[in-house]
There are 2 protein chains.
Amino acid sequence: MLGNLIGPEIKELIAERNFSALRAAFADWSPADIAECITELPDGEQAVVFRLLPHAQSTDVFEYLDADAQQIVLKAMGHAEAARILNDMSADDRTALLEELPGAAVVQLIQLLSPEEKAIAQALLNYPEGSVGRLMTPAFISVREEWTIQETLDHIRTHGSEMETLNVIYVTDERGRLIDDIRIREVLIRPVSTRIAEFRDSNFVALRSTDAEGDALEVFRKYDRNTLPVIDSEEKLLGIVTVDDMLDVQEEEATEEIQKLGGVEALEEPYMDAPLLELVKKRAVWLVVLFLGEMLTATAMGFFEHELERAVMLALFIPLIISAGGNAGSQATSLLIRAMALGEVRLGDWWRVMRREIASGLCLGLILGLIGFSRVAIWGHFSTIYGPHYYLVGATVGCAVLGVVLWGTLAGSMLPMLLRRIGLDPATSSAPFVATLVDVTGLVIYFTAAVLLLRGTVL
Amino acid sequence: MLGNLIGPEIKELIAERNFSALRAAFADWSPADIAECITELPDGEQAVVFRLLPHAQSTDVFEYLDADAQQIVLKAMGHAEAARILNDMSADDRTALLEELPGAAVVQLIQLLSPEEKAIAQALLNYPEGSVGRLMTPAFISVREEWTIQETLDHIRTHGSEMETLNVIYVTDERGRLIDDIRIREVLIRPVSTRIAEFRDSNFVALRSTDAEGDALEVFRKYDRNTLPVIDSEEKLLGIVTVDDMLDVQEEEATEEIQKLGGVEALEEPYMDAPLLELVKKRAVWLVVLFLGEMLTATAMGFFEHELERAVMLALFIPLIISAGGNAGSQATSLLIRAMALGEVRLGDWWRVMRREIASGLCLGLILGLIGFSRVAIWGHFSTIYGPHYYLVGATVGCAVLGVVLWGTLAGSMLPMLLRRIGLDPATSSAPFVATLVDVTGLVIYFTAAVLLLRGTVL
């Protein structure tokens, strides 16, 4: 049933160059399985195997190939073949292919299209990248409200074969403006003499061609739709967007969020395809900014050099203390950024969030502080490494950990909200950014605790 | 068009207790908009407003409410009303509601169902949580291949009104086994006398009821489907799953990934709904583990206490150096965990990844190392803080940063792959975990560099 169960055999056929057996094997496969098989081949063999496919299959398979494989296969094709496939492709998949290609190649390929398809392709490419227009396909069924179901079904029978989906059909007025959507179910369950106007409800949801992809995702999620119509500023129906594109949009957004949270500018390509230089650039910017910020730690500690000289052992706990704050901050920032992205937390909730995080930070700080105190006190009891006032040193470490964890939790949770408040992306407050912020202040907290608790004994 | 444009007016009507006007206003709204409006009301008013809805709307609206609002509204309902809504709900939405409730409430509510719906609800709840069975709805159209299109359309007209979607219909054999799926388009574009067997292609994809949700998501993505059939171990057709559920599955997976990456065990509820104690517990475990691990930094530095005493200024650069490694590691780990989750990087790619990361780590380390060297050298030139051998101190810092960044990048990228290799979730290697690992080794790198470069001068 799942074609790829026999994947290994296929690879043998390719290795043996047994193309006739391969063609026969592919005949029963679904286009998605063939495409997956071709995508996994070495670059040099992808076009060879693709050319084995009969015309009836090749466009479908082509649509399922990933962007790299599409380009490789396309380059190896003759003009006639490329023209056939580009004309047959669904318009949204074609836009996705063309937007990956360099401008010159796009111009060349668009020349291969029929006048009608050329107009469609150019119109779609005119929408800004990342807008609903780019995801749209103009293949939809639109009917008039005075039609009967029989007329509607006849219309579908004539025009339905090129449609990506027929789950929903659209009702437009005499000027092409969208006035309703009807699920095909509503049509199929009624007597064929019923007029559309008799049962339509004027209750519909539409996207605008200039809406951002992310906003479209929200609408799909809210209304649980599989397909949504797209209209222009005059409410004219332009095309439809299907929910499978939304899975891609949602995945891209999550990827961007995760990369930003890790302190990397979002990559434009998959990790393996990104050129090394880009990979370094996207990381270097933040890394340098954080490094420069972190230099303040040396400055901050400079103020306490005198104390450090008198009690070098204080240096031993620096990494322990500042990393506890960094980790607590990283946790808080991950939780809050995600909760804000999901709409679970809004700006107006800041006070509730702050109270929750102060309470959490206090609990976590007390737990870690107690562990830190015990570690120093027990160690100090059995050795001389921390001197005779080891319990005071332990108390210093414990208090510093408590303060730093509380501060890290608070900074990590409030920073994303602050960024959103001033109009920036909350995800800019990456975990490393919070950690750096907490490191500098954490040192001040630690040495202040030391001065207060150890003056007159150790210091 | 979008009902919520008039949201503020609705809130006024509620405040004024003008229920008849409210009911009239809701009449034109889509169920999703009404549900959103009710969800945003204070808990005490949700049930009041819900009860205004006419029967025809109330089940639809109920299905769009979030889990909390559903429970509040349900509690306020009489038995008859609850029975009507639970019987009318689509089976998958009902399962989602029941799995949120305590066992006793589920038993009570299931008693309200008709014998037929009770059997369905119990069967679905018998599938393990997180499996495809829990997402399934048994409302599908199945036909026999010997039927004509006319017979098929007649069948749909009789049975189609309860179906969630009619985009695809299913062909089963005499024992109820799934033998094909057919898009409604294929039915609608052919003459009504055509038999199903004449055009069906045996090419279909199905899920098993015991498959994990995440695997189902993969199948939906690969085959670009809006609906997939679900079969049991004997290939009997049990129900269908729709792609809108996959948006939820994908979002949950991304949330879990982000929380784990931030060093938090995945929350089971939205951030704002999670009890404080759970919020603390989910964070405390990792925070304590990392804190204990980080104690090794004090141990590692203990070995170099002698050097520290001779040159206290070495302590000034500790946070700078270890945080550079932690940040580089956090970047690498975020990139790799996401790339692995998306299937862009597989275990077999480890060598290619390692080469890329060594190259990236070297570049990044050189950039930061140079900045670090310059900072110390320039500062040291104009002040006496780093002593007469300031350029050697600068070189130590520069080399340590280079080494630590390279090591952080390598550890951050290889750890997720190593975890996957030994069968663990790569996301266990959270950014804080990598940072802790790099902190301990980073100190050893730093002090080793210091001993090598400064012996005989500063040390």
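Conventions adopted
- Residues numbered from 1 in each chain as written.
- Chains lettered and ligands numbered in written order.
- Predicted model: local features only at pLDDT ≥ 70, side-chain atom pairs only at ≥ 80, totals over all residues.
- Heavy atoms only, no water.
- Least-squares fit on C-alpha atoms with pLDDT ≥ 70 in both.
- Contact = heavy atoms within 4.5 Å.
- Buried area = accessible area lost by both parts, 1.4 Å probe.
- Salt bridge = Lys/Arg side-chain N within 4 Å of Asp/Glu carboxyl O.
- Buried < 20%, exposed > 50% of the residue type's maximum accessible area, 1.4 Å probe, protein only.
- Helix = DSSP H or I, 4+ residues; strand = E, 2+ residues; numbered from the N terminus.
- Pairing = 2+ DSSP bridges.
- Phe/Tyr/Trp six-rings, centres within 6.5 Å; stacked < 30°, edge-to-face > 60°.
- Lys NZ or Arg CZ within 6 Å of the ring centre and 35° of its normal.
- Axes fitted to C-alpha atoms, helices over the stretch in contact; angles between N-to-C directions.
- Parallel < 35°, antiparallel > 145°, perpendicular 65-115°, else oblique.
- Left-handed = near helix turned anticlockwise from the far one by under 90°.
- Nonpolar A, V, L, I, M, F, W, Y, C, P; charged D, E, K, R; others polar.
- Core = buried A, V, L, I, M, F, W, Y, C linked by side-chain atoms within 4.5 Å.

Caption draft 1: Quick look at the relation of the copies chain A and chain B. Superposing chain A onto chain B takes a rotation of 180° plus a shift of 0.0 Å along the axis, which leaves an RMSD of 0.1 Å. The superposition of one copy onto the other is thereby described by a two-fold rotation axis. Across chain A, the smallest distance between a C-alpha and the rotation axis is recorded for Asn167(A), namely 2.5 Å. An overlap of 100% is found between the interface residues of chain A and their copies at the interface of chain B, pointing to a shared contact surface.

Caption draft 2: Summary view of the interface of chain A and chain B. Counting from both sides, the interface comprises 129 residues of chain A and, opposite them, 130 residues of chain B. When chain A packs against chain B, the two sides together hide about 11600 Å² of surface, and 64% of this comes from carbon and sulfur. When the buried area of chain A at its contact with chain B is split by residue, Tyr271(A), Met272(A) and Phe291(A) rank highest and sum to 7% of it. Where chain A meets chain B, there are 10 salt bridges. The shortest N-O distance in the salt bridge between Glu251(B) and Arg221(A) comes to 3.1 Å.

Caption draft 3: Spotlight on the pairing of strand S6 (residues 237-242) of chain A. Residue and element names in this part refer to chain A. In terms of burial, S6 is a largely internal element, 5 of the 6 residues being buried. Looking at chain direction, strand S5 (residues 227-231) and S6 are connected through 5 bridges and run antiparallel. Across the sheet, the residue bridging to Thr227 is Thr242, located in S6. The turn linking S5 back onto S6 is made up of 5 residues, and Glu235 within it adopts a positive phi angle of 70°.

Caption draft 4: A look at the packing of aromatic side chains. Per the stated rule, a full pass over the model turns up 18 aromatic pairs over all chains. Geometrically, the ring pair formed by Phe304(B) and Phe447(B) is stacked, given 4.9 Å between the ring centres and 15° between the ring planes. A residue pair is termed long-range when its members are at least 10 positions apart, and Phe304(B) in the loop between helix H16 (276-302) and helix H17 (305-310) and Phe447(B) in helix H22 (residues 431-454) qualify at 143 residues. Classification of Phe304(B) by relative accessible area gives buried; the value is 15%. Through pairs of rings, three or more aromatic residues link up here, namely Phe304(A), Tyr446(A) and Phe447(A). Lying over the aromatic face of Tyr271(B), Arg356(A) brings its terminal NZ or CZ to 5.1 Å of the ring centre.

Caption draft 5: Structural view of the pattern of salt bridges. All chains considered together, the criterion is met by 44 salt bridges over all chains. Two residues, Asp33(B) and Lys222(A), come together in a salt bridge whose shortest N-O distance is 2.6 Å. Taken as a pair, Asp33(B) in helix H3 (residues 31-39) and Lys222(A) in helix H14 (residues 213-223) lie in two separate chains rather than in one. For Asp33(B), a relative accessible area of 3% gives the class buried. Across the salt bridge formed by Glu268(B) and Lys282(B), the nearest N and O atoms sit 3.5 Å from each other. You can see Glu268(B) sitting in the loop between helix H15 (243-261) and H16 and its partner Lys282(B) sitting in helix H16, a full 14 residues away along the chain.

Caption draft 6: Looking closely at the sheet that holds strand S4 (residues 207-208) of chain A. Residue and element names in this part refer to chain A. Pairing is mixed across the open sheet formed by 3 strands, whose spatial order is S4-S5-S6. Looking at strand neighbours, the two that pair on one side only are S4 and S6, the edges of this open sheet. The pairing of S4 with S5 spans 2 bridges and is parallel. Bridge pairing in S5 places Arg208 opposite Ile231.

Caption draft 7: View of the sheet that holds strand S5 (residues 227-231) of chain B. Spatially, S4-S5-S6 (chain B) is the arrangement adopted by the 3 strands of the open sheet, whose pairing is mixed. Every interior strand has two partners, whereas the edge strands, strand S4 (207-208) and strand S6 (237-242) of chain B, have only one.

Caption draft 8: Layout of the pairing of strand S3 (residues 178-183) of chain B. All names here are of chain B. One ladder, built from 5 bridges, connects strand S2 (residues 168-172) with S3; its direction is antiparallel. What sits directly across from Val168, in S3, is Arg183. Hairpin geometry of S2 and S3 is characterised by an intervening segment of 5 residues between the two adjacent antiparallel strands and by a positive phi of about 80° at Gly176.

Caption draft 9: Representation of the packing of helix H14 (residues 213-223) of chain B against H15(B) within the structure. All names here are of chain B. For the pair H14 and H15, interaxial distance at closest approach is 10 Å and the crossing angle is 120°. Judged on the interaxial angle alone, H15 and H14 are oblique. The hand of the H14/H15 crossing is left-handed. Contacts from Glu213, Gly214, Ala216, Leu217, Phe220 and Arg221 of H14 reach H15 at Val243, Met246, Val249, Gln250, Glu252 and Glu253. Looking at the contact of H14 with H15 residue by residue, the class counts come to 6 nonpolar, 2 polar and 4 charged.

Caption draft 10: Layout of the nonpolar core. Judged by nonpolar contacts, the single largest core of 93 residues is most densely connected at Phe317(A) and Phe317(B). In this view, Phe317(A) contacts Val376(A), Tyr386(A), Val393(A), Val397(A), Tyr446(A) and Ala298(B); residues no more than four positions away in its chain are not counted.

Caption draft 11: The packing of helix H21 (residues 390-421) of chain A against helix H22 (residues 431-454) of chain A, seen in detail. Residues and elements named next belong to chain A. Where H21 contacts H22, the axes come no closer than 8 Å and their chain directions differ by 150°. Comparing the axis directions of H21 and H22 gives the class roughly antiparallel. As for how H21 packs across H22, the hand of that crossing is right-handed. When the residues that make up the contact of H21 with H22 are grouped by side-chain class, the tally is 19 nonpolar, 6 polar and no charged.

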